[in-house]
Amino acid sequence: CAGLAFSAFVSIARMDAGHSWRAGMAGARLGLAVMVRSVTVLFVPVFLLYMILIWKRQAAPAAVVRRQFVWAAVPFTFFCTALLLYNRHAFGAMFSSGYGSEMFQFDQSLISGVPHLLVSLEKGFFVYSPAAVLALLFWKKFHRAHAAESVTALVFFILHVIVYAR
């Protein structure tokens, strides 16, 4: 799932007016990521934000924006529709999955969950990924060189913390 999401970001980063198919690849990869892990659908706005920032940086004309948006939306919609139809067939309802009601039982508050997720010895992100500390230290320099990517990465990280800290 993470590999599909990363490859979708790479496809978006490489979009330009002459290669709209890259937007289609990003949409397909994001749709496949949603099929693999349904919670990925919560991160779709981050991908859309990144596309908007790329279009703004390239000063893309409205016709290119529309074409690339359609190229991305069609495969994404196809894979999401396939997942909904599968869920309906397998579990009796489009928005059901094999997890049942357990999927929404988050019993930890966000206030206590965030430190546990980020710095605890059990599952702390910064404990098990010390390179992430370096990323925080050099984020400002990265932001100056790559504003769209840094904003997207920060929003993606914050959204992941909010979703998984509970």
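Quick summary incoming for the structure in this document. Not measured: the values here are computed from a predicted model.

Each value, and the rule that gives it
- Residues numbered from 1 in each chain as written.
- Predicted model: local features only at pLDDT ≥ 70, side-chain atom pairs only at ≥ 80, totals over all residues.
- Heavy atoms only, no water.
- Helix = DSSP H or I, 4+ residues; strand = E, 2+ residues; numbered from the N terminus.
- Buried < 20%, exposed > 50% of the residue type's maximum accessible area, 1.4 Å probe, protein only.
- Arc of directions from axis to C-beta.
- Contact = heavy atoms within 4.5 Å.
- Patch = residues over 30% accessible without salt bridge, like charges linked within 9 Å, V, L, I, M, F, W, Y side chains within 5 Å.
- Areas by Shrake-Rupley, 256 points an atom, 1.4 Å probe, with all protein chains shown as cover.
- Salt bridge = Lys/Arg side-chain N within 4 Å of Asp/Glu carboxyl O.
- Phe/Tyr/Trp six-rings, centres within 6.5 Å; stacked < 30°, edge-to-face > 60°.
- Axes fitted to C-alpha atoms, helices over the stretch in contact; angles between N-to-C directions.
- Parallel < 35°, antiparallel > 145°, perpendicular 65-115°, else oblique.
- Left-handed = near helix turned anticlockwise from the far one by under 90°.

### Focus: unusual backbone geometry
- Of note, the phi angle at A59 is positive, near 50 degrees, even though the residue is not glycine.
- Structurally, A59 can be placed in the loop between α3 (44-58) and α4 (62-91).

### Let's talk about helix α5 (residues 110-119)
- The complete set of buried residues in α5 reads G113, L117 and L118. Angularly, the buried residues of α5 cover 115 degrees about the axis, an arc narrow enough to put them on a single face. In α5, the exposed residues that point more than 90 degrees away from the buried face are I111 and V119.
- Of the surrounding secondary structure, the elements contacted by the buried residues of α5 are α6 (125-128) and α9 (147-164).

### Remarks on a nonpolar patch on the surface
- A surface patch of nonpolar side chains, amounting to about 430 Å² of accessible area, comprises L48, I52, F69, V70 and V74.
- Within the residue set of the nonpolar patch, elements represented by two or more residues are α3 and α4.
- Looking at which element gives the most residues to the nonpolar patch, the answer is α4, with three residues.
- Tracing the sequence through the fold places I52 in helix α3.
- Take I52: its relative accessible area is 44%, and that puts it in the partly exposed class.

### Points about the packing of aromatic side chains
- Across all of its chains, the model carries 10 aromatic pairs by this definition.
- Look at F9 and Y50: their rings are 5.6 Å apart centre to centre, the planes differ by 65 degrees, and that puts the pair in the edge-to-face class. You can see F9 sitting in helix α1 (residues 2-13) and its partner Y50 sitting in helix α3, a full 41 residues away along the chain. Both residues of the pair, F9 and Y50, count as buried.

### Points about the packing of helix α2 (residues 21-36) against α4
- Two elements in contact, α2 and α4, have axes separated by 7 Å at closest approach and are oriented at 20 degrees. Classified by the angle their axes make, α2 and α4 are roughly parallel. In this structure, α2 meets α4 at a crossing whose hand is right-handed. Of the residues in α4, those touching α2 at W21, A23, G24, G27, A28, L30, G31, L32, V34 and M35 are Q68, W71, A72, P75, F76, F79, C80, A82 and L83.

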